[in-house]
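Structural features, examined
Take a look at the letters that make up each chain.
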Amino acid sequence: MKISIIGTGYVGLVTGACFAEVGHEVVCVDADANKVRTLQAGGIPIYEPGLEDLVLRNVAAGRLSFTQSTADGVARSEVVFIAVPTPPNPDGSVDLSYIESVAREIAGCLEGYRIIVDKSTVPVKTAEKVAETVKRYRRTEVEFDVVSNPEFLREGFAIDDLMKPDRIVIGTNSARAAARMRELYAPFEAPLIVTDTNSAELIKHAANSFLALKISYANALSVICEASGANVQEVTRGMGLDARIGTRFLQAGLGFGGSCFPKDLSAFIQISDQLGYDFRLLKEVQRINHGQMERFVKKIEDTLWVLKDKRIGVLGLAFKQNTDDVRSSPAIDLCLRLLGGGARLRVHDPKAMDKAKAMLSPGPNLEYVEDPGKVAEGCEALVIATEWPEFGRLDWAAIRASMSTAILFDGRNLLDPAEMKSLGFLYKSVGR
Ligand code: UDX
Ligand code: UDX
């Protein structure tokens, strides 16, 4: 089938490349001329494992192309995906201005039946608003349908999540659109839920908020574990092996970040509020998440006594492993707090250093270090802030020897406490 994707960011590019891979003809549209030029020249503007190969292979096969023109994209496709950002407003509600302007743009160039699919994360009832907008701005009585098809991809695992999804959600009130969407997704083996647009939109916010709730639950348990001498990893493993609970997303640490969970949680709280329900459970999820970072920083302050002029190494800047994304990264938040206390940082991340520089400018108190084994050189303490698995494989004896005092704060419970103690570290992690 012929499809276009408006917005070639993380979600749009990965979605487009995966659809091309299964044989569809895809044109990715983006308003950013530089991004389009980079992609047309074979460059990949983001880091996502496997993405470069996938994009280049499908471009070479003639199934994937890039343009700046929405009209061109809409003309060349039957299904038009919207994958533009839905950033938070200062009060936590969702800024839908990009969605609205893309809906108007699509309306202006509709010349035949099109299925307009919203992939961006949006509040319930947005599909209805998109349909109203397209009706208002279309130039002729041309037919169209609007579908809500939320994405569930995790950065770092996005291709796998797309090629082998747990489920595919199609929200539409049109049988015609539902049949075409089933065809579009036929190459993917996964349960397919066809429902109304409002339910589909709610599934996304409900799922992300529940996952955030699981993480906050584990983080709250970590506080109890620390106070009682239990080990949170043992507790969550023992809980998670109950198939009704599941072991995933119960990793205690510095709290959740990224471009989705914090924003989607605030949005869902706002949406519920507007619908007349005070979702206090989710407010508590947020509160626990903030508290987790504060407790960790206090642990560092209490141990070092005074932060001012302390040299601290930091491993990890991305909001999680396998990505260069630093949006709402707990690691960046932690660095800012340590810098605010007067500490002098040496930082490293395998992929996110370039992007981090926009938020943490290098200077007398902040040095970017290429070699993770050297990040702690001469430091009084080292902090693990992101769960990159390769940090676990570093030569920890050599790192210990390179430090002026061997204090290790593991914000992601990545290392084995007994092993670190045997190497001579004063080792502190979360809930263990
Ligand atoms: C996505 C979703 O769309 C968002 O709703 C979800 O909650 C998180 O993931 P993402 O792909 O991460 O957003 O955004 P980003 O990487 O910023 O890419 C968006 C792209 O859309 C950018 O390349 C931007 O240039 C483009 N864009 C934006 C347009 O082409 N037109 C616009 O009007 C606005
Ligand atoms: C998330 C959802 O998982 C995905 O389905 C949705 O489409 C977009 O939002 P993403 O933000 O890419 O994906 O990352 P995710 O792997 O969910 O991690 C989010 C944050 O939670 C990270 O900061 C991570 O470090 C943290 N996390 C995750 C924990 O602290 N503990 C865990 O057990 C799992």
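What you see is a predicted model; the values in this text were computed from it and never measured. Residue positions are given per chain, counted from 1 along the sequence in the order it is written. Whichever chain is written first becomes A and whichever ligand is written first becomes 1, with later ones labelled in order. Only residues with pLDDT of 70 or above have their local features reported here, since the model is predicted, and side-chain atom pairs are shown and tallied only from 80 upward, although totals for entire chains, interfaces and linings are computed over all residues. Only hydrogens and water are set aside; all other atoms, that is, all heavy atoms of the structure, feed into the side-chain values.

**Let's talk about helix 10 (residues 232-240)**
Here's how the labels work: a residue is buried when its accessible area is under 20% of the maximum for its type, exposed when over 50%, partly exposed in between, all with a 1.4 Å probe on protein chains only. Every helix listed is a DSSP run of H or I at least four residues long, and every strand listed is a run of E at least two residues long, numbered separately from the N terminus. Of all the positions in helix 10, only Val232, Thr236, Met239 and Gly240 are classed as buried. The arc that holds the buried residues of helix 10, viewed along the axis, is 90 degrees, so those residues lie on one side. In this description, contact between two residues means that some pair of their heavy atoms is separated by no more than 4.5 Å. In this structure, the buried residues of helix 10 make contact with helix 9 (197-228). In protein, a polar contact means a hydrogen-donor-capable atom and an acceptor-capable atom, both N or O and within 3.5 Å, with residues adjacent in sequence counting only if both atoms are side-chain atoms; elsewhere, any N or O pair within 3.5 Å suffices. Looking at where helix 10 begins, the residue whose side-chain oxygen comes 2.8 Å from the main-chain nitrogen of glutamine 233 is asparagine 231. It is the directions from the helix axis to the C-beta atoms that the arc portrays.

**Digging into the domain arrangement of the protein chain**
Interface size is commonly expressed as the accessible area that is lost once the parts come together. Source of the domain bounds: an automatic or database domain assignment. According to the domain assignment, the protein chain consists of domain 1 (2-195) and domain 2 (204-286). For domain 1 versus domain 2, the separation of C-alpha centres amounts to 29 Å. With 17 residues of domain 1 in contact, the opposing surface of domain 2 contributes 13 residues. A 1.4 Å probe defines the accessible area here, and the buried area is the portion of it lost by two parts on being joined, summed over both. Together domain 1 and domain 2 conceal approximately 1100 Å² of surface at their shared face, both sides included; 61% is due to carbon and sulfur atoms. Area buried by domain 1 at its contact with domain 2 is led by Gly92, Thr121 and Arg154, which between them contribute 31% of it. Within this document, salt bridges are pairs made up of a side-chain nitrogen of Lys or Arg and a carboxyl oxygen of Asp or Glu, the two lying within 4 Å of each other. Between domain 1 and domain 2 we count 1 salt bridge in total. Close ionic contact of lysine 204 with glutamate 151 constitutes a salt bridge, the shortest N to O distance being 3.1 Å.

**Some points on the site of ligand 2**
We define proximity as follows: a residue is near a molecule or strand when any one of its heavy atoms falls within 4 Å of that partner. As a matter of local geometry, ligand 2 sits amid 20 residues, with Phe152, Glu155, Gln251, Phe319 and Glu387 nearest to it. Here glutamate 151 contributes a side-chain N or O atom positioned 3.1 Å from an oxygen atom of ligand 2. Lysine 320 is positioned such that a nitrogen or oxygen atom in its side chain is 3.0 Å from an oxygen atom of ligand 2. Top contributing element to the shell around ligand 2 by residue count: helix 9, with 3 residues. Ten residue types, Ala, Val, Leu, Ile, Met, Phe, Trp, Tyr, Cys and Pro, are classed as nonpolar, four, Asp, Glu, Lys and Arg, as charged, and the remainder, Gly among them, as polar. Residues that form the shell around ligand 2 fall into these classes: 9 nonpolar, 4 polar and 7 charged. No fewer than three residues from each of domain 1 (2-195) and domain 2 (204-286) sit in the shell around ligand 2.

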